[in-house]
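Coordinates in review
Here's the letter readout for the chains.
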Amino acid sequence: MTRHFLADDDLSPAEQAEVLALAAELKRAPYDAKPLAGPRTVATIYDKPTLRTQASFAAGIAELGGHPMLVEGSLAGIGVRESVADVARVLGRQASMIVWRTFAQSDLEAMAEHSGVPVVNALTDDFHPCQLLADLQTVREHKGATAGLTVAFVGDGACNMGNSWLVAGATAGMHVRVSSPDGHAPAAEMVDRAAAIGVGTGGSAALVADPREAVAGADVVVTDTWVSMGKETEAEARVAAFAGYQVTTDLMALAAPDAIVMHCLPAYRGKEIAADVIDGPQSVVWDEAENRRHAQKAILAWLTARADG
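Residues numbered from 1 in each chain as written. Predicted model: local features only at pLDDT ≥ 70, side-chain atom pairs only at ≥ 80, totals over all residues. Heavy atoms only, no water.

1. Considerations on the pairing of strand E5 (residues 150-154)
Selection rule: For every residue, the accessible area obtained with a 1.4 Å probe (protein chains only) is divided by the maximum for its type, and the residue is called buried under 20%, exposed over 50%, and partly exposed between those limits. Only runs of H or I of at least four residues qualify as helices and only runs of E of at least two qualify as strands under DSSP, and these elements are numbered from the N terminus. By definition, two strands form a pair when at least two bridges between them are found by DSSP. With the strands pointing away from the viewer, any crossover whose connection runs clockwise from the first strand over the helix to the second is right-handed.
Across the five residues of E5, five count as buried, placing the element largely inside the fold. Alternating positions in E5 separate into two faces, Thr150, Ala152 and Val154 on one and Val151 and Phe153 on the other, with burial throughout. Across five bridges, the pairing between E5 and strand E6 (residues 175-179) is parallel. Within E6, the residue paired with Ala152 across the bridge is Arg177. Viewed along the sheet, the connection from E5 through helix H7 (residues 160-171) into E6 turns out right-handed. Relative to strand E8 (residues 220-223), E5 runs parallel, the two being bridged by four bridges. Pairing of Phe153 across the sheet is with Val222, part of E8.

In structure tokens:
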């Protein structure tokens with residue numbers, strides 16, 4: 001059966017650890033492994049604005065010996081001009097893998113169902129699993145491990161990053177606290193999904209309304225933009241709703257003394273995070289951004305090995 005990476009828990013805890021170990025190995029020697037030599041073509045599609053995702057996949061695929069084929073989503077008209085299933089059938093005969101940054105998780109799942117080759121989620125409205133691999137790699141670099149650590153996600157928990165931190169964090173054995181204002185918490189099913197995973201890994205998942213309580217003693221503090229892509233018309237209302245959830249130096253003072261701060265970017269200084277925090281000594285956001293390349297190379301190489309197996 002073809003393996004895909006559509007959501008964070010498509011990897012078991014053991015598989016996640018294997019991919020993260022491979023990411024560290026590929027970072028140490030970025031030009032040695034060539035599992036995509038040929039070059040094999042990887043189709044990359046971006047329906048949402050992108051900087052880190054496109055740059056890191058293009059660089060990473062090339063470093064693995066492959067060819068990143070950019071499929072212009074607006075020209076292809078996926079789901080409009082042609083059905084997702086038909087596009088999948090075409091691309092699956094042209095490329096060894098498909099990477100898609102899009103809106104609906106259901107469309108990504110349809111692509112995987114009909115492609116015949118591995119499909120990787122480069123971001124959907126529901127999950128951002130490649131970002132979480134990079135985030136967990138960064139945590140490992142700065143903390144040595146993930147299991148047993150407490151992470152506080154502060155802000156819009158009802159977004160793809162909130163969902164992915166719950167699921168991937170629990171898979172990594174972390175204690176994940178999500179702190180959001182009323183109406184912006186993750187869906188109960190996501191919390192339950194993470195909690196069920198935590199039973200086997202020693203991790204946990206919790207909603208903590210008060211950001212001060214959520215951050216207290218945390219090893220990792222994470223935030224994201226309050227106005228996700230597609231929510232721009234709600235910007236004014238969201239800024240008002242999230243006013244008490246900014247990651248500031250005062251909030252960070254409640255975390256563990258050696259806590260690190262993470263943000264998947266782009267960041268809006270003075271809104272979800274203070275400038276002196278994201279640009280301060282506890283911030284690891286640039287390591288996090290770089291690690292997108294290494295973590296994504298690892299999942300591509302891992303999927304390739306199983307497809308070839």
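2. Details of the nonpolar core
We count it as follows: Residue types Ala, Val, Leu, Ile, Met, Phe, Trp, Tyr and Cys, when buried and joined through side-chain atoms within 4.5 Å, form a set referred to as a nonpolar core. Residue contacts are defined here by distance: any two heavy atoms, one from each residue, within 4.5 Å place the two residues in contact.
Counting 55 residues, the largest nonpolar core has Phe57, Trp165 and Met174 as its most contacted members. Non-local contacts of Trp165, meaning those with residues more than four positions away in its chain, are made with Leu132, Asp135, Leu136, Val139, Val151, Phe153, Ala170, Met174, Val176, Val222 and Met262. Ranked by size, the runner-up nonpolar core spans 23 residues in total, among them Val215, Val247, Ala259 and Val261.

3. Structural notes on helix H13 (residues 285-308)
Our working rule: An expected span of 1.5 Å times one less than the residue number is assigned to each helix. Here the bend at each residue means the angle between axes fitted to two seven-residue stretches, the one ending at that residue and the one beginning there.
For H13, with 24 residues, the first-to-last C-alpha span of 35 Å sits near the 34 Å given by 1.5 Å per residue. A bend of about 35° at Asn291 is the largest found in H13. Counting buried residues along H13, 17 of its 24 residues qualify, which places the element largely inside the surrounding structure.

4. Re the side chain of Gln131
Convention followed: A 3.5 Å cut-off defines polar contacts: any pair of N or O atoms within that distance qualifies, except that in protein one atom must be a possible hydrogen donor and the other a possible acceptor, and neighbouring residues in sequence count only when both atoms are side-chain atoms.
As for its position among the elements, Gln131 is in helix H6 (residues 129-143). Gln131 gets classed as buried once you look at its relative accessible area, which sits at 2%. Separated by 2.8 Å, the side chains of Gln131 and Asp135 make a polar contact. For Gln131, the contacting residues outside a window of four places in its chain are Met161, Cys264, Glu288 and Arg292.

5. Details of the pairing of strand E2 (residues 67-71)
As paired elements, strand E1 (residues 41-46) and E2 share five bridges and run parallel to each other. Bridge pairing in E2 links Val42 to Pro68. With helix H2 (residues 52-63) bridging E1 and its parallel neighbour E2, the resulting β-α-β unit is right-handed.

6. Some thoughts on unusual backbone geometry
Between Gly38 and Pro39 the backbone carries a cis peptide bond, its omega angle lying at -5°. Going from Leu265 to Pro266, the amide bond is cis rather than trans, its omega being 0°. Relative to the helices and strands, Pro266 resides in the loop between strand E9 (260-263) and helix H12 (275-278). At Leu123, a position not held by glycine, the phi torsion is positive, near 135°. Taking relative accessible area as the criterion, Leu123 reaches 4% and is therefore assigned buried. The residue Leu265 is not glycine, and still its phi comes out positive at about 70°. Counting through the fold element by element, Leu265 comes out in the loop between E9 and H12.

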